[in-house]
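Read off the chains here:
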Amino acid sequence: MSAETTAISRPRRWDNPFDPDLSTADVERILAAPVFRDLDPNRFPPGQSLPDIVRNDARINRYQRGDIVVLEGDYGNSVFVILSGKVNVLYGYLPEIGRPPRRARRPFWNALAQLWRNSREIETRTLSPSARAVHMRANRGRAYLPDIERVIAEHSVTPLEHGDMFGEISALSRGPRTATVFADTDCELIELRWQGLRDLRARDPDLRERVDHLHRTRSLLAHLSESPLFAHLDEATIALVAQEIRFENHGTQELFPTGELPTESGGSLAGEPLIAEEGSLTDDLIMIRAGFARVTEHLDHGNRTVGYLKNNDVFGLEEIVRQWRGNGSVPLRNSLRAIGYLDILRVPAVVMERYVLPTMPEHLLPVAADTDIRATPVWKRDESATGIEQPLVDFLIDERIINGTQSMVIDLDRCTGCDDCVKACAATHDGNPRFVRQGPSHDDVMIANACMHCVDAVCLIGCPTGAIHRDLSSGDVHINDDTCIGCGTCSRSCPYGNIVMVEIADKAGTVITDRETGAAIRRATKCDLCAGQLGGPACQRACPNDALVRLDMSNPGEMVAWLHR
């Protein structure tokens, strides 16, 4: 081993507790609290005991009356248990709520000065232990309600008290908070980050069932409240509808299970589970809860794709409405298949006819004479609907690019290969570019190998420390360098190969190695959208030919506007 190497202890799961100041008395208090006191310590192995998990992944937060605990729309990754006091759950937007301050951007001259820095061969890291970002409490701003009485009087709220749990939807789904929760009294809350919740659920089936039940029921109510089809119903009717809804999931988390990209020919639909088949009776309205689905129709001896559905889209509405209007049994006009992993809800047709359709606003009902009205998919096979030529739509679907909220799209007709985008990325990240200017392409459009900050970011699932996470405000996916232990789970999970593991060095350029084994320390790295930089992603700003853009693929209009600019 070279004498020039810098040796440190390899980062581990327990190196960055949620609250480094959590005392032994606090741990004992949490273990005696509801939810935790019901757990059986004998189900946990010695190296990962119940007190160990609590000590590492839990903390006690204290709030004053009116404080906002979680805000609807913000991304979250933890669950709460009320230790003392009361909170209120509120569904709906409150314009008077302030948000915590955004992450500070780098000063202009600091950002500009990076353009002259020399590139390094490998990535560098600051090893100061004070840089741990997990310890957030002291520096976090907290919003509050200045007139709590008026909010309670003007809005419907659900009170929660000692022992109640909330926040499980975001903790389990990696999605945004579905409600705002604020303190009704001064209160103490146990906050457990999702890694701890994951370990507790894995060891205790009773807790798993309890959390999953809360997740199913509350996420269902949140999903229904977001759908325009149910917006006209009162709470009592929504509760009746919710009791009749069935949950289903189809497909696999692995987007390309065979290791090969699907093709339109050769029976490519065989890898996509059939959920509803054309010509069969319409028994349910199918609501897409998470993931993507393909709508197909029989053509000759095969199937032709006619559209795609995503979160909150529905399938079978037109047929159910026609049945309700007295047209007898109406068979499904199309088939529905899962692309990758798909969560759906099934609302029985009889429930739609009894509780939903009779009071649904007329403008939401398909017109009886218009047989073309159906669910409104974001991506259609109809070019006139999207403004994008059909082969390009197929390309974006087959490559699963539609999962991206910040996909890097390059116009090859304008790109001259100058690499200014890569150079700008390197200059922004101390000489280490975070993407490769290559990737799948269709005609003049290329999708570069850069993190797309996916809608369903599967890279977040297996991280043992939560180092890879969503920004609580923007939802962008970032890696916390201080808590990354270099296990490579996120890199292996990314179906697009957009996360890489790199050896790191100190500021002097010396390779950092494991003190015990001598092996080089590796950490995960990827595009961070130039977080903290003035003006956003440097790659886009650096392109002299307007050939590169970051696009949210859930909005085809953005791509249409850019393609026809």
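Here the structure is shown first, and the text comes after it.
The text that follows walks through the structure, step by step, so that each part is easy to find. Quick caveat: nothing in here was measured; it's all calculated off a predicted structure. Throughout, residues of each chain are indexed from 1 in the direction in which the sequence is written. Local features in a predicted model are, by the rule used here, given only for residues with pLDDT of at least 70; side-chain atom pairs are given and counted only at 80 or more, and totals for whole chains, interfaces and linings are based on all residues. Just so you know, side-chain values use all the structure's heavy atoms and leave hydrogens and water out.

1. Considerations on the overall build of the protein
The criterion, for reference: Under the scheme used here, helices are H or I runs from DSSP no shorter than 4 residues and strands are E runs no shorter than 2 residues, and both carry numbers assigned from the N terminus. For each residue, the accessible area found with a 1.4 Å probe, counting protein chains only, is set against the maximum for its type, and the residue is called buried under 20%, exposed over 50%, and partly exposed in between. Contacts are residue-level and defined by heavy atoms, with any inter-residue pair within 4.5 Å sufficient. Note on areas: these come from Shrake-Rupley sampling with a 1.4 Å probe, and a residue is covered only by the protein chains present in the view.
Regarding its fold elements, the protein presents 16 helices and 26 strands. Relative to its full complement of 565 residues, the protein shows a buried share of 50%. Considering only intrachain contacts with a sequence separation of at least 6, the fraction spanning at least 24 residues in the protein is 78%. Looking at the protein as shown, the accessible area adds up to about 26,100 Å², and 50% of this sits on carbon and sulfur atoms.

2. Quick notes on the environment of Leu342
Residue position: Leu342 is located in strand S16 (residues 335-348). In this structure the C-alpha to C-alpha distance between Leu342 and Glu248, which are 94 residues apart in sequence, comes to 8.4 Å. In contact with Leu342, not counting residues within four places along its chain, are Glu248, Asn249, His250, Ile275, Ile288, Ala290, Gly291, Phe292 and Ala293.

3. Let's talk about the pattern of salt bridges
Applied cut-off: For this analysis, a salt bridge means a side-chain nitrogen from Lys or Arg found within 4 Å of a carboxyl oxygen belonging to Asp or Glu.
A complete count under the given rule lists 26 salt bridges for this structure. One salt bridge connects Glu188 with Arg29, and the closest N-O pair in it is separated by 2.6 Å. With a gap of 159 residues between them, Glu188 in strand S10 (residues 187-193) and Arg29 in helix H1 (residues 24-31) connect regions that are remote in the sequence. Take Arg29: its relative accessible area is 34%, and that puts it in the partly exposed class. Asp343 is the salt-bridge partner of Arg289, the closest N and O atoms lying 3.9 Å from each other. In this pair, Arg289 is assigned in strand S13 (residues 284-299) and Asp343 in strand S16, connecting sequence segments 54 residues apart. Residues joined by salt bridges that share partners form a network here, namely Arg246, Glu248, Asp284 and Arg346.

4. Observations regarding the sheet that holds strand S2 (residues 58-63)
Selection criterion: We call two strands paired when DSSP finds no fewer than two bridges between them. Note on geometry: axes are C-alpha line fits, over the in-contact stretch for helices, and angles between N-to-C directions span 0 to 180 degrees.
Ordered in space as S2-S10-S4-S8, the four strands form an open sheet in which the pairing is antiparallel. Because the sheet does not close on itself, it has two edges, and the strands there are S2 and strand S8 (165-166). Sheet analysis places strand S4 (residues 78-84) next to S8, joined by two bridges and oriented antiparallel. The residue of S8 that forms the bridge with Val81 is Met165. Along the sheet, H1 contacts S2, S4 and S10; its crossing angle with S2, the most-contacted strand, is approximately 90°.

5. Comments concerning the sheet that holds strand S20 (residues 445-447)
Read from one edge of the open sheet, four strands run S19-S20-S18-S26, paired in antiparallel fashion. Unpaired on one side and paired on the other, strand S19 (441-442) and strand S26 (548-551) mark the two borders of the sheet. Sheet topology note: the S19/S20 ladder contains two bridges and is antiparallel. Paired with Ser441 across the bridge in S20 is Met446.

6. Quick look at the nonpolar core
Note that soluble globular proteins tend to have their nonpolar side chains buried in a common cluster. What counts is decided by this rule: Among the buried residues, those of types Ala, Val, Leu, Ile, Met, Phe, Trp, Tyr and Cys that are joined through side-chain atoms within 4.5 Å form a nonpolar core.
Grouped together as the largest cluster of nonpolar side chains are 36 residues, with contacts concentrated most on Leu396, Val409, Cys459, Ile468 and Met559. Mapped by element, the contributors of at least two residues to this core are helix H12 (390-398), S20, S26 and helix H16 (556-563). With five residues, H12 is the largest single contributor of residues to this core. Formed by 26 residues, the second largest nonpolar core is a distinct cluster that contains Ala33, Phe44, Val79 and Leu197.

7. Looking at unusual backbone geometry
For His453, which is not a glycine, the phi torsion comes out positive at approximately 55°. Note on placement: His453 falls in the loop between S20 and strand S21 (468-470). Not every positive phi belongs to a glycine, and Asp546 is a case in point at roughly 55°. Residue placement: Asp546 occurs in the loop between helix H15 (538-542) and S26.

8. So, the environment of Ile8
Turning to its location among the elements, Ile8 is positioned in strand S1 (residues 6-8). Given a relative accessible area of 16%, Ile8 falls into the buried group. With 508 residues separating them in the primary sequence, Ile8 and Glu516 have C-alpha atoms 8.2 Å apart.

9. Remarks on helix H7 (residues 205-226)
Heads up, the condition is: What a helix should span is 1.5 Å times the count of its residues minus one. Here a polar contact means two N or O atoms within 3.5 Å. Within protein one must be a hydrogen donor candidate and the other an acceptor candidate, and residues neighboring in sequence count only if both atoms are side-chain atoms.
Between the first and last C-alpha of H7 there are 31 Å, a value that for 22 residues agrees with the 32 Å anticipated at 1.5 Å per step. Those residues of H7 that fall on the buried side of the exposure criterion are Leu207, Val211, Asp212, Leu214, His215, Ser219, Leu220, Ala222, His223 and Leu224. Measuring from the backbone nitrogen of Asp206 back to the side-chain oxygen at the start of H7 gives 3.1 Å, which picks out Asp204 as the cap.

10. Description of the state of the cysteines
Put simply, the test is: Disulfide assignment relies on a single distance test, namely cysteine sulfur atoms paired within 2.5 Å.
Taken as a whole and judged by the stated rule, the model has zero disulfides. Cys418 provides the cysteine sulfur closest to Cys543, a residue in no disulfide bond, and the two sulfurs are 6.2 Å apart.

11. Observations regarding the packing of helix H9 (residues 317-324) against helix H10 (residues 349-356)
Helix-helix packing is characterised by the crossing angle of the two axes and by the distance between the axes. What counts, and what does not: Should the near helix be turned counterclockwise from the far one by less than a right angle, the crossing is left-handed, whereas a clockwise turn marks it as right-handed. Under the grouping applied here, Gly and all other residues not named as nonpolar or charged are polar, the nonpolar ones being Ala, Val, Leu, Ile, Met, Phe, Trp, Tyr, Cys and Pro and the charged ones Asp, Glu, Lys and Arg.
For the pair H9 and H10, the least separation of the axes is 10 Å and the interaxial angle reads 65°. The chirality of how H9 crosses H10 is right-handed. For the pair H9 and H10, the contacting residues are Leu317, Ile320, Gln323 and Trp324 in the first and Ala349, Met352 and Glu353 in the second. Split into classes, the residues belonging to the contact of H9 with H10 amount to five nonpolar, one polar and one charged.

12. Describing the packing of helix H8 (residues 235-244) against H10
Worth spelling out the cut-off: An angle counts as roughly parallel when it lies under 35 degrees, as roughly antiparallel when it exceeds 145, as roughly perpendicular when it falls between 65 and 115, and as oblique in every other case.
At a minimum axis separation of 10 Å, H8 and H10 run at an interaxial angle of 175°. Taken together, H8 and H10 sit at an angle that is classed as roughly antiparallel. Contact residues: H8 offers Thr237, Leu240, Val241 and Glu244, while H10 offers Val351, Tyr355 and Val356. Residues of the contact of H8 with H10, tallied by class, amount to five nonpolar, one polar and one charged.

13. Points about the packing of aromatic side chains
Just so we agree on the cut-off: Put simply, two rings from Phe, Tyr or Trp (the six-membered ring, in Trp's case) pair if the centres are within 6.5 Å, and we call them stacked under 30 degrees between planes, edge-to-face over 60, tilted for the rest. Only when the NZ of Lys or the CZ of Arg is both within 6 Å of the ring centre and within 35 degrees of the ring normal is a charge said to sit over the ring.
Going through the model one piece at a time under the given rule, you end up with one aromatic pair. A ring pair is formed by Phe80 and Phe166, whose centres lie 5.0 Å apart and whose planes are at 10°; its orientation type is stacked. Within this pair, whereas Phe80 is found in strand S4, its partner Phe166 is found in strand S8, the two being separated by 86 residues in sequence. Each member of the pair Phe80 and Phe166 is classed as buried. Sitting over the ring of Phe18, Arg59 keeps its end group 3.9 Å from the ring centre. Between the NZ or CZ atom of Arg565 and the centre of the ring of Trp562, over which it lies, the distance is 4.0 Å.

14. Digging into helix H13 (residues 420-428)
With seven of its nine residues buried, H13 lies for the most part within the structure. Within H13, burial applies to Cys421, Val422, Ala424, Cys425, Ala426, Ala427 and Thr428. Tucked into the core, H13 has its buried residues touching H15 and S26. Within two residues after H13, Asp430 carries a phi angle of roughly 55°, on the positive side.

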